[in-house]
Amino acid sequence: MTDTAAAIAHFLGFTALLRRSGFAVAPEQSMAWLAAIELLGPGEMEDIRRAARATLAPPPERFADFDALFDAHFLGSIVPGLEAGEPSDEEPLRAAEDGATGPEPEFGDETHESGAEATRAERLLGRRFSAGEDTNTLRRFARALPSRLPRRRGYRWRSGRTGKGTDARRMFRDAMRHAGEIVKLRRRRRRLRQRRVVVLIDVSGSMKERTQAHLAFAHSLVRAADSVEVFTMGTRLTRITRPLRLKSREQALATASLLVADWDGGTRIGDALNAFLAVPRFSALVHGAVLLVLSDGLERGDPTAMADAVARFSRIAWRIVWLTPLAADPGFEPRTAGLVAARPYLDELGDGGSIDKICAHVLDLAEMSAA
């Protein structure tokens, strides 16, 4: 390993230490810190400390903990309880970009049965996907989608026969051709733009049997629509939009399977949603968008965290649609603590038991009136 690579690994080791200690550090913050160090060319350790505070943004009430961890990592100081304390039973949930590198997932022959209930465990493994079904359904869905997605008024104007605004530019241009006389009243209206769709796919063990179908649906959605973002959530949060843009479904799913490291693991929905909101670049994607969640809602953690996150989403998203396979039962009522707590903030809690149902829900969004 070169000296530069060793130095970068040492710096990234500090961000990993912060995450293990409960600090929320996004991948782009780590990259910003490295860029600041390179740009400033610090001459002493305090310069690196100030750059870390500026880019990694610890909360003010934890400045003392931040400095103690910094001293322990870079100066060799001893932090009380760091080396002798009991290890935490879980790590803060990580958020990863679709271009970020992470631990190499292991492919094995061990089978993991689909769970009937949520679990605490984090399992880091890969998935291989076979040739999927529902090809005809997804093909019809992709053809119908462009004209069926909800739209909003954009900021740019276009000429129209009707409209509240007058197109003064075209009127003056016409007047130049008619000796300064305005002979016709021109109208204009705002252009319509497709609303962004943000898809969160639960890849925990309890959703194992439906993961491939959901990814195939997301691939068709990304390919057919103008603005779609896709994330997986389990014990981690991973953005997989970029690989799903590949034309070949098999290649797209194979590439996505290498990015996601928490297939068929535990369920930390509340932590995943809060991690999403904690990254400004991610939370900005939801403003005025359709948030589509494909999950059974079996949360093993505190349901209050899940409810708080959904409440925050409801204040910035245009519509929140939660599709669960449990709703395939005609007598379905949300009984899990997480869904019961989040239900008041959902615009729709529907049947996600099949690809046909999911496609129908998305196509029906065009009938919703814009806010």
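Everything discussed here concerns the structure shown above.
About the cut-offs
- In this convention, every chain numbers its residues from 1, walking through the sequence in written order.
- Local features in this predicted model are restricted to residues whose pLDDT is 70 or higher, and side-chain atom pairs enter the listing and the counts only when it is 80 or higher, whereas totals over whole chains, interfaces and linings include all residues.
- The basis for every side-chain value is the complete set of heavy atoms in the structure, and neither hydrogens nor water enter the calculation.
- Runs of E in the DSSP output that reach at least two residues are strands. Runs of H or I that reach at least four are helices, and both are numbered from the N terminus.
- The rule is simple: take the accessible area with a 1.4 Å probe, protein chains only, and divide by the maximum for that residue type; under 20% is buried, over 50% is exposed, in between is partly exposed.
- By definition, residues are in contact when any of their heavy atoms lie within 4.5 Å.
- The aromatic pairing rule takes the rings of Phe, Tyr and Trp, using the six-membered ring of Trp, and pairs them if the centres are within 6.5 Å, calling planes under 30 degrees apart stacked, those over 60 edge-to-face and the rest tilted.
- Comment: the charge-over-ring label is applied if NZ (Lys) or CZ (Arg) is within 6 Å of the ring centre and within 35 degrees of the ring normal.
- One less than the number of residues in a helix, times 1.5 Å, gives the span that helix is expected to have.
- We count a salt bridge whenever a side-chain nitrogen from Lys or Arg sits within 4 Å of a carboxyl oxygen from Asp or Glu.

*Asks:* Sorry if this is basic, but what is going on with the side chain of Ser 30 here?
*Replies:* Positionally, Ser 30 belongs in helix H2 (residues 27-40). A residue is classified by how much of its surface remains accessible, and Ser 30, at 4% relative accessible area, is buried. With sequence-adjacent residues up to four places away left out, Ser 30 is seen in contact with Leu 12, Thr 15, Arg 19, Val 25 and Leu 56.

*Asks:* Before we go on, may I ask you to explain the packing of aromatic side chains in this structure?
*Replies:* A ring pair, where both rings are aromatic, is described by two values, the distance of the centres and the angle of the planes. In this structure the tally under the stated criterion is 14 aromatic pairs. Aromatic side chains Phe 70 and Phe 74 sit 4.6 Å apart centroid to centroid with 40° between the ring planes, which places their arrangement in the tilted category. Highlighted residues: Phe 70 and Phe 74, both in helix H4 (residues 63-75), separated by four residues, approximately one helical turn. We note that Phe 70, like Phe 74, is buried. Centre to centre, the rings of Phe 141 and Phe 217 are 5.4 Å apart; their planes meet at 40°, and the pair counts as tilted. Of this pair, Phe 141 sits in helix H5 (residues 135-144) while Phe 217 sits in helix H7 (residues 211-224), and the two are 76 residues apart along the sequence. Taken as a pair, Phe 141 and Phe 217 share a single burial class, namely buried. Sitting over the ring of Phe 23, Arg 62 keeps its end group 4.0 Å from the ring centre.

*Asks:* Honestly, helix H12 (residues 303-316) in this entry has me stumped. Any pointers?
*Replies:* Owing to its 3.6 residues per turn, the α-helix brings residues three or four apart onto one side. Taking 1.5 Å per residue, 14 residues should reach 20 Å; H12 reaches 21 Å between its end C-alpha atoms and fits that length. If you check which residues of H12 are buried, you get Met 306, Ala 307, Ala 309, Val 310, Ala 311 and Phe 313.

*Asks:* What am I meant to see in the pattern of salt bridges here?
*Replies:* Note on pairing: side chains with opposite charge can pair once their charged atoms come close. All chains considered together, the criterion is met by nine salt bridges. Salt-bridge contacts for Arg 62 lead to Asp 65; the nearest nitrogen and oxygen are separated by 3.4 Å. Taking the relative accessible area as the measure of exposure, Asp 65 reaches 38% and is therefore partly exposed. One salt bridge connects Arg 268 with Asp 271, and the closest N-O pair in it is separated by 3.2 Å. You can call Arg 268 buried: its relative accessible area is 7%. The class of Asp 271 is partly exposed, set by a relative accessible area of 29%. Beyond isolated ion pairs, a larger network of salt bridges with shared partners links Glu 46, Arg 49, Arg 53, Asp 67 and Asp 71.

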